[in-house]
Amino acid sequence: MITFADAKSHLRVDHSAEDADITLKLKLAVALVQNYIGAASDAAINTAEEITDAATLLVLGELYANRESGADPLSPSVRTILERLRVPGIA
């Protein structure tokens, strides 16, 4: 799981003025990744932690860099990374 310190380091932020914003965006990034792969529990996420952590950092970077944008933070790269972890849907 990505820590707050990991998030700040990834974003190259070394001050505390944006801590609240980064905290919110980190929570959103984690939720977006978990939702995309259909993980209902932390146990499901832990089975592929390195992959989900990498995807979470990519989503966090997108959310941070494009605060005012309506762009989808789940970029094609993130979707490709996470596709193999998705829980198959029931048709």
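In case you missed it, the structure is sitting above this.
This one's a predicted model, so the numbers in the text were calculated from it and none came from an experiment.

With 20 residues, the main nonpolar core has Val59, Leu60 and Leu82 as its most contacted residues. Here this core takes seven residues from helix 2 (residues 19-37), the largest share from any one element. The residues contacting Leu60, other than those within four sequence positions of it, are Ala7, Leu11, Ile22, Lys25, Leu26 and Ala29.

Before going further, it helps to examine the packing of aromatic side chains. In this description, an aromatic ring pair is defined by two values, namely the gap between the centres and the angle between the planes. Applying the stated rule across the entire model yields zero aromatic pairs. One cation-aromatic arrangement involves Arg86 over Tyr36; the distance from NZ or CZ to the ring centre is 4.1 Å.

Counted under the stated rule, the structure contains five salt bridges. Of the charged contacts, one joins Arg67 and Glu18 as a salt bridge, the two residues approaching to 2.7 Å between their closest N and O atoms. A residue pair is termed long-range when its members are at least 10 positions apart, and Arg67 in the loop between helix 4 (49-65) and helix 5 (76-83) and Glu18 in the loop between helix 1 (4-11) and helix 2 qualify at 49 residues. Residues joined by salt bridges that share partners form a network here, namely Glu18, Asp21, Lys25 and Arg67.

Parameters at a glance
- Residues numbered from 1 in each chain as written.
- Predicted model: local features only at pLDDT ≥ 70, side-chain atom pairs only at ≥ 80, totals over all residues.
- Heavy atoms only, no water.
- Core = buried A, V, L, I, M, F, W, Y, C linked by side-chain atoms within 4.5 Å.
- Buried < 20%, exposed > 50% of the residue type's maximum accessible area, 1.4 Å probe, protein only.
- Helix = DSSP H or I, 4+ residues; strand = E, 2+ residues; numbered from the N terminus.
- Contact = heavy atoms within 4.5 Å.
- Phe/Tyr/Trp six-rings, centres within 6.5 Å; stacked < 30°, edge-to-face > 60°.
- Lys NZ or Arg CZ within 6 Å of the ring centre and 35° of its normal.
- Salt bridge = Lys/Arg side-chain N within 4 Å of Asp/Glu carboxyl O.

The values are spatial; any link to function lies outside them.
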